[in-house]
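Chain residues, written in single-letter form:
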Amino acid sequence: MRQYWWKILSIVLLIYTFIAGLLIPLPYETAYASSNLYESMRNFFFHVPMWFSQLALITVSLFYSIKYLRNPNPTYDIYATEFARTGTVLGVLGLITGAIWAQYTWGAAWSNDPKQIGAAIALLIYVAYFVLRNSMPDMDKRGRVAAVYNIFAYFIYIPMILILPRLTESLHPGGKGSEGNPGLGGSSLDATMRLVFWPGVLGWILLSTWISTLRLRVRLLEEKKHSA
Amino acid sequence: MNHILTLIKKDLLLEVRQQYTFYGILLYVASTIFVLYLAMGQPEEKVWNGLFWMIQLFICVNAVAKSFLQESQGRMLYFYTVAGARDFMLSKLLFNAGLMVLMSIVSLLLFQLLMGNPLQNPFRFIGFVCLGGCSLSLVFTFLAAIAARARQGAALMAILGFPLIIPQVLLLMRMSNTAFADVIQAGLWQIIFLLIGLDVLVIALAIILFPFLWKD
């Protein structure tokens, strides 16, 4: 019996964020009075949860890579790959939604903002991960070398996104002056926005996990067919 | 500890006996900087700084790449059983750090000679160069191990390494900006400690992960 309640939950949450995200009144102070955000602020409900899910998925991928090194079961390797793959797709989506929004709000799609750089680095790392994987034909060796790179890259990437925003000024919320921070600008979120944002984060994470599990089922079936 | 010293001595001996690799890198350093001089002349400080660290990056890839690629699979297995993976990795890290510091200082001299000398605070810059050489070599040594395992060359190392080296390079650029003028960079020590912290992290990861990489 497959558990499917979380898939329904994901759909419900996403429908909720799509409707509420486009309809709720925005906080007047942050959206209109003291900035040029206006209605584009609603992008926050869609763009930021994508990054949350990307981080969540690459963390799951890291978890399976560690598991693979402890116990070299090919299934773990496939899990690590597929979660990293969906994570990368979400990263691309996050980058595109951010760039479109920045084009209108910051005046340019790309402005060397530390978080944009961090995002681009994440994509480069995971594309390199797939290149590395495909460079090795031997399954066992591929799994191990890729897992090692995945772990190494993750533990350098996470400190990097914590350090980078503190080094340079950021246009992202909470990045004013030299006191940039890696997370959200906490004060710009009012209570209503929180009520839409956090369910959205959960919804996107669940949706991306769902997509990954679908891909996983296909991959595992293919694997079974080849080995049979 | 003894193992590590012996392995480093072995690498040194190899370097002395097969001098073509050492001089090869030296020639690479010299010709790259000469080409750069022909192309750029004597640039201003900011460009000088940027070019210097980019050149270090490429020198590092080439200097470190051979550390694992030159050893045959059989010989690797031999070292692995005789000395253990951890000692082997540590000896490579130390040896490459030394090699890279040497190459960085040579390239600094060549930069001074050809590209002009905008440094106001040369001793501080030499310190940064040593620290930078170490930091770059640590990351690329581990990636060389990965690339060697995948039977690939320096190209794969560059693909794998450039995204990962960005924090180190950014920190180094920040630091070395202070050597060009008598400005006081707020939190210079903080940046230095951050870089050292990253180095320690890389060493720890390399030591933990290397045994898995070489298990067969």
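Just above sits the structure.
Not measured: the values here are computed from a predicted model. (Residues numbered from 1 in each chain as written. Chains lettered and ligands numbered in written order. Predicted model: local features only at pLDDT ≥ 70, side-chain atom pairs only at ≥ 80, totals over all residues.)

1. Quick look at the overall build of chain B
Worth spelling out the cut-off: Think of it this way: any DSSP run of H or I at least four residues long counts as a helix, any run of E at least two long counts as a strand, and we number them from the N terminus. Counting other C-beta atoms within 10 Å of a residue's C-beta gives its exposure: the residue is buried at 20 or more, exposed at 12 or fewer, and partly exposed in between, where C-beta atoms are placed from the backbone. Two residues form a contact once the distance between their C-beta atoms, set from the backbone, is within 7 Å.
Counting its secondary structure elements, chain B contains eight helices and zero strands. Along chain B, helices and strands appear, N-terminal first, in the series α-α-α-α-α-α-α-α. Relative to its 216 residues, chain B shows a buried fraction of 41%. Restricting to contacts in chain B with at least 6 residues of sequence separation, those with at least 24 account for 83%.

2. Digging into the overall build of chain A
For chain A, the helix and strand inventory stands at seven helices and zero strands. For chain A, the succession of helices and strands along the chain, N to C, is α-α-α-α-α-α-α. Looking at chain A as a whole, 38% of its 228 residues qualify as buried. For chain A, long-range pairs separated by at least 24 residues make up 71% of all intrachain contacts whose partners lie at least 6 apart in sequence.

3. Focus: helix 4 (residues 73-83) of chain B
Because an α-helix completes one turn every 3.6 residues, residues spaced three or four positions apart along the sequence face the same direction. Along helix 4 of chain B, only zero of the eleven residues are buried, which leaves the element largely exposed. Backbone geometry just after helix 4 of chain B places glycine 84 of chain B at a positive phi near 90°.

4. Things to note about the packing of helix 2 (residues 19-40) of chain B against helix 5 (residues 85-114) of chain B
All names here are of chain B. Basically, it comes down to this: For helices, the fitted axis covers only the stretch in contact; all axes are lines through C-alpha atoms, and the angles between them, taken along N-to-C directions, range from 0 to 180 degrees. Here the angle decides the label: under 35 degrees means roughly parallel, over 145 means roughly antiparallel, 65 to 115 means roughly perpendicular, and every other value means oblique. Whether a crossing is left-handed or right-handed is set by the direction in which the near helix is turned from the far one by less than a right angle, anticlockwise for left-handed and clockwise for right-handed. Classification used: nonpolar for Ala, Val, Leu, Ile, Met, Phe, Trp, Tyr, Cys and Pro, charged for Asp, Glu, Lys and Arg, polar for all others including Gly.
One way to put it is that helix 2 packs onto helix 5 with a least axis distance of 10 Å and a crossing angle of 30°. Between helix 2 and helix 5, the interaxial angle falls into the category roughly parallel. At the point where helix 2 passes helix 5, the crossing takes the right-handed sense. Listed contacts from helix 5 to Ile25, Leu26, Val29, Ala30, Ile33, Phe34 and Tyr37 of helix 2 are Met103, Val106, Ser107, Leu110, Phe111 and Leu114. By residue class, the composition of the contact of helix 2 with helix 5 is twelve nonpolar, one polar and no charged.

5. Description of helix 8 (residues 188-214) of chain B
All names here are of chain B. Defined as follows: Helix span, as expected, comes to 1.5 Å for every residue beyond the first. Bend angle per residue: angle between axes fitted to the 7 residues ending at that residue and the 7 residues starting there.
Under the 1.5 Å per step criterion, the end-to-end length of helix 8 is 39 Å for 27 residues, consistent within 8% with the ideal 39 Å. By the largest-angle criterion, isoleucine 208 marks the main kink of helix 8, which is about 30°, and a proline, proline 211, follows within four residues. Among all positions of helix 8, only Leu194, Leu195, Leu198, Asp199, Val202, Leu205, Ala206, Leu209, Phe210 and Leu213 are buried.

6. Section: the interface of chain A and chain B
Taken together, the contact between chain A and chain B spans 23 residues of the former and 21 residues of the latter. Only helix 5 (114-134) and helix 6 (139-167) of chain A provide two or more residues apiece to the side of chain A that touches chain B. In terms of residue count, helix 6 of chain A provides more of the side of chain A that touches chain B than any other element does, 14 residues in total. The residue inventory of the side of chain A that touches chain B, partitioned by class, reads 21 nonpolar, one polar and one charged.

Interpretation in functional terms is not warranted from these geometric data alone.
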